Amino acid sequence: MPSANLSFPPDFLWGAATAAYQIEGATQEGGRTSSIWDTFSHTPGKVLGGDTGDTACDHYHRWRDDVRLMAELGLRSYRFSVSWPRVQPTGRGPAVQRGLDFYRELVDELLAHDITPAVTLYHWDLPQELESAFPSGHAAGGGWPERDTAHRFAEYAGIVAEALGDRVARWTTLNEPWCSAFLGYGSGVHAPGRTEPVAALRAAHHLNLAHGLGVQALRAALPARARIGISLNPSAVRPLTASAEDLDAQRRIDALANRVFTGPLLKGTYPQDLLTDTAHLTDWSFVRPDDLAAIKQPLDFLGINYYAPAVVSAASGEVDPSAPRRDGHGDSPHSPWPGSESVLFHHAPGELTAMGWPVDPTGLTDLLLQYTAEAPGVPLFITENGAAYDDKPNPDGSVHDPERVRYLHGHLAAVHQAIRAGADVRGYYLWSLLDNFEWSYGYSKRFGMVYVDYETQARVPKSSARWYGKLAATGELPEAED
Ligand code: FCB
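Residues numbered from 1 in each chain as written. Predicted model: local features only at pLDDT ≥ 70, side-chain atom pairs only at ≥ 80, totals over all residues. Heavy atoms only, no water.

1. Details of the packing of aromatic side chains
Here's step 1: On inspection of all chains with the given rule, the structure shows 36 aromatic pairs.
Here's step 2: Look at Phe8 and Phe12: their rings are 5.1 Å apart centre to centre, the planes differ by 50°, and that puts the pair in the tilted class.
Here's step 3: Classification of Phe8 as buried rests on a relative accessible area of 7%.
Here's step 4: Look at Tyr122 and Trp144: their rings are 5.3 Å apart centre to centre, the planes differ by 70°, and that puts the pair in the edge-to-face class. With Tyr122 in strand 3 (residues 116-122) and Trp144 in the loop between helix 6 (128-132) and helix 7 (148-164), this pair connects stretches of sequence that are 22 residues apart. For the pair shown, Tyr122 and Trp144 are each scored as buried.
Here's step 5: Counting every residue linked through ring pairs, the aromatic cluster contains Tyr21, Trp37, Phe40, Trp124, Phe437, Trp439, Tyr443 and Tyr454. (Phe/Tyr/Trp six-rings, centres within 6.5 Å; stacked < 30°, edge-to-face > 60°. Buried < 20%, exposed > 50% of the residue type's maximum accessible area, 1.4 Å probe, protein only. Helix = DSSP H or I, 4+ residues; strand = E, 2+ residues; numbered from the N terminus.)

What follows is the structure, encoded as C-alpha cells:
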C-alpha cells in the first residue's frame, strides 16, 4: 500500500508496551509474593511447555539497559504495569518500600531519557492472597468475583499514586478487564483458571467497580495534570451472514465483549439485553444501587487494545467444539461467553499471525470511529497493537521480521484513516517492546520488536524496531519494504 503523505500529528505519542508478569521475573525478590499468575503457571498443564514468569526477560535486573534500548530506538513513551504483589504483597495493608522504589527508579530513568512513562495499575497479576480469600464463602475462591477485591484495588491505586504521582502523568486503571473476568473465571485459560459462568459476570462487575473506585482514589492522590483512563480490548464483532440469527449472535457477543464494560463506564448502566441474555444464570443482584454512579467516572482518555476482529454466527445444528474457534484465546471446553455459549467463532479469510489471529486492520478503524461516537470528547490511545511471528535469528545474529512490519504498516495506516475521519487519536503503543511470557502460550509466541534470547537474555532489535524508530522520529509512516 503506498503510504505517501501519511503523517501523524506532531505531538502524537509513539510508544511500546509491556506488562510486569510478562517481563520482570524476580518473582520472589524484594518482598514480592505470588500473584495468581505465579500459581497458575506453576500448575501443571496450564501453560504451554510448563513455562512460568519466574525469570521472564529478567527486566527486574536489566531495566537500565532496557530503558537505554528504548531511547536508542527513539521511543517517546513506555507503557508498563506495576506488579501489585511487588508493592502490596498480600493485597492489603502497608506497601513494601522496595517494590515502590523499583518503579520510582524506573520512572526516573525513563524521564532522564525523555521517555514519557504510562503506568498501568493492573495487568492481571492479582496477589494470590486475594484470590485465596473467601469473603462470602459461597464460591470456589475469592478474587474478582468478590466485591472486596474492588476496594482492595482502590487502596492499592492510592498507594501507587502517592509514590509515583509527582513524576507520572499518564495512568491506566485496568488492562483488558474482559480477559481478567471471562478468561480468568469463564473459560479458565487465564489465571486463576476458574470455569464458573456466574463468577465471570460477577468479576466483570467488580472490575468495573474497581476501575471507578480506583479513578476516585487516583484523583484524590494525583495532581490535576494527571491523565487517567482504562485500556479495554473491544471486539470488532462481525456477523458471518446478514441472517437474523447471525445478527443476534453479533449482538450477544458485542454485549459480553464490549457493552458490559462501556455501558457502565460511559453511560452508567448495564445494557438491558445483556441482563436478559444472562437472566437464567443470575439476577445481577451483586450490582448495588450506588455502584453504577461510582463506575461512571469522567475519563481523560480511553485506551484501545486491538489485534483482530471477530466473525460470529449462530450455531446451526450440533456444535463441533473442535471446528470454529470460540474466541481466539486458547482452547478450553468451557466458554468465556456466559449465556451465549453456543455462538460460533470463525476465521476471517486471509493471512493469520502466529497466534492464528487474522490480519485485518479495518477492525481498528471501525473501533476508533465507533468510540469517537460513543465517547465524544474523550481522546483515544491505542494502548496495544502488534503481532506474533516465528522470528528466528539469522546466522549473523540479526532478526528480520518483514511480516511484522507489514502488520504494523497496515494497522497504522488504519489509525491514520480514522484520524482523517475525525477520531481524536493521541498515541500508539506497540505490543510489545520485548518478546515475553505470552500468558498460557508461555515463551512460544514472540510479539516483541526486540528479540529476546531466553538463554542469554540478549536483546536484539528486529528490523521492525528500526522501522518503528524511524516512524517515531519523523511522524511519517515509512514504506513497509521487505
Ligand atoms: C493482550 C494482553 C497483552 C498481550 C497481548 C498479546 O490481550 O493485554 O498482555 O498478551 O494480548
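Next comes the rest of the description.
2. Overview of the environment of Thr282
Here's step 1: With respect to the helices and strands, the residue Thr282 is situated in the loop between helix 11 (272-277) and helix 12 (291-295).
Here's step 2: Its relative accessible area of 10% is what places Thr282 among the buried residues.
Here's step 3: In this structure, the C-alpha to C-alpha distance between Thr282 and His123, residues 159 residues apart in sequence, is 27 Å.
Here's step 4: With near-sequence residues (within four places) excluded, Thr282 lies in contact with Val198 and Leu201. (Contact = heavy atoms within 4.5 Å.)

3. Some remarks on the side chain of Arg147
Here's step 1: For Arg147, the location among the structural elements is in the loop between helix 6 and helix 7.
Here's step 2: Here Asp291 takes part through its side chain, which lies 2.8 Å from a polar atom of the side chain of Arg147.
Here's step 3: Those residues in contact with Arg147 that lie beyond four places of it in its chain are His206, Leu209, Phe286, Arg288 and Asp291. (Polar contact = N/O pair within 3.5 Å; in protein donor to acceptor, adjacent residues only side chain to side chain.)

4. Overview of unusual backbone geometry
Here's step 1: In this structure, Pro192 follows Ala191 across a cis peptide bond, with omega equal to 5°.
Here's step 2: Looking at where Pro192 falls in the secondary structure, it is placed in the loop between helix 8 (177-183) and helix 9 (197-221).
Here's step 3: Going from Trp431 to Ser432, the amide bond is cis rather than trans, its omega being 10°.
Here's step 4: Considering the arrangement of structural elements, one finds Ser432 in the loop between strand 11 (425-431) and strand 12 (450-453).
Here's step 5: In this model, Asp58 sits at a positive phi of 55°, which is unusual for a non-glycine residue.
Here's step 6: Residue placement: Asp58 occurs in the loop between helix 2 (36-41) and helix 3 (59-73).

5. Considerations on the packing of helix 5 (residues 97-112) against helix 7
Here's step 1: Look at helix 5 against helix 7: their axes get within 10 Å of each other, and the N-to-C directions meet at 50°. The angle between helix 5 and helix 7 places the two elements in the oblique class. Relative to helix 7, the crossing made by helix 5 is right-handed. Between helix 5, through Leu100, Tyr103 and Arg104, and helix 7, the contact on the second element is made entirely by Ile159, Ala163 and Leu164.
Here's step 2: Class assignment for the residues of the contact of helix 5 with helix 7 results in 5 nonpolar, no polar and 1 charged. (Axes fitted to C-alpha atoms, helices over the stretch in contact; angles between N-to-C directions. Parallel < 35°, antiparallel > 145°, perpendicular 65-115°, else oblique. Left-handed = near helix turned anticlockwise from the far one by under 90°. Nonpolar A, V, L, I, M, F, W, Y, C, P; charged D, E, K, R; others polar.)

6. A word on the sheet that holds strand 9 (residues 344-346)
Here's step 1: Taken together, 3 strands build an open sheet; the order of strands is 6-8-9 and the sheet is mixed. At either end of the open sheet lies a strand with only one pairing partner, and these are strand 6 (237-239) and strand 9. Each strand axis lies, on average, 40° off the axis of its neighbour in the sheet, ignoring direction.
Here's step 2: For strand 6 and strand 8 (residues 310-313), the ladder comprises 3 bridges, and the chain directions are parallel. Along strand 8, the bridge assignment pairs Pro239 with Val312. (Pairing = 2+ DSSP bridges.)

7. Here we look at the packing of helix 3 against helix 5
A pair of packed helices is captured by two measures, namely the crossing angle of their axes and the spacing between those axes.
Here's step 1: For the pair helix 3 and helix 5, the least separation of the axes is 10 Å and the interaxial angle reads 15°. It follows from the interaxial angle that helix 3 and helix 5 lie roughly parallel. For the crossing formed where helix 3 meets helix 5, the hand is right-handed. Contacts between helix 3 and helix 5 pair His59, Tyr60, Trp63, Arg64, Val67 and Met70 from the former with Phe102, Glu105, Leu106, Glu109 and Leu110 from the latter.
Here's step 2: In terms of residue class, the contact of helix 3 with helix 5 is made up of 7 nonpolar, 1 polar and 3 charged.

8. With respect to the environment of Leu302
Here's step 1: Relative to the assigned elements, Leu302 resides in strand 7 (residues 301-305).
Here's step 2: Leu302 sits 70 residues away from Leu232 along the chain, and the two C-alpha atoms are 7.8 Å apart.
Here's step 3: Residues in contact with Leu302, not counting those within four places in the same chain, are Ile230, Leu232, Tyr371, Val378, Pro379, Leu380 and Phe381.

All quantities given are derived from atomic positions and should not be read as evidence of function.
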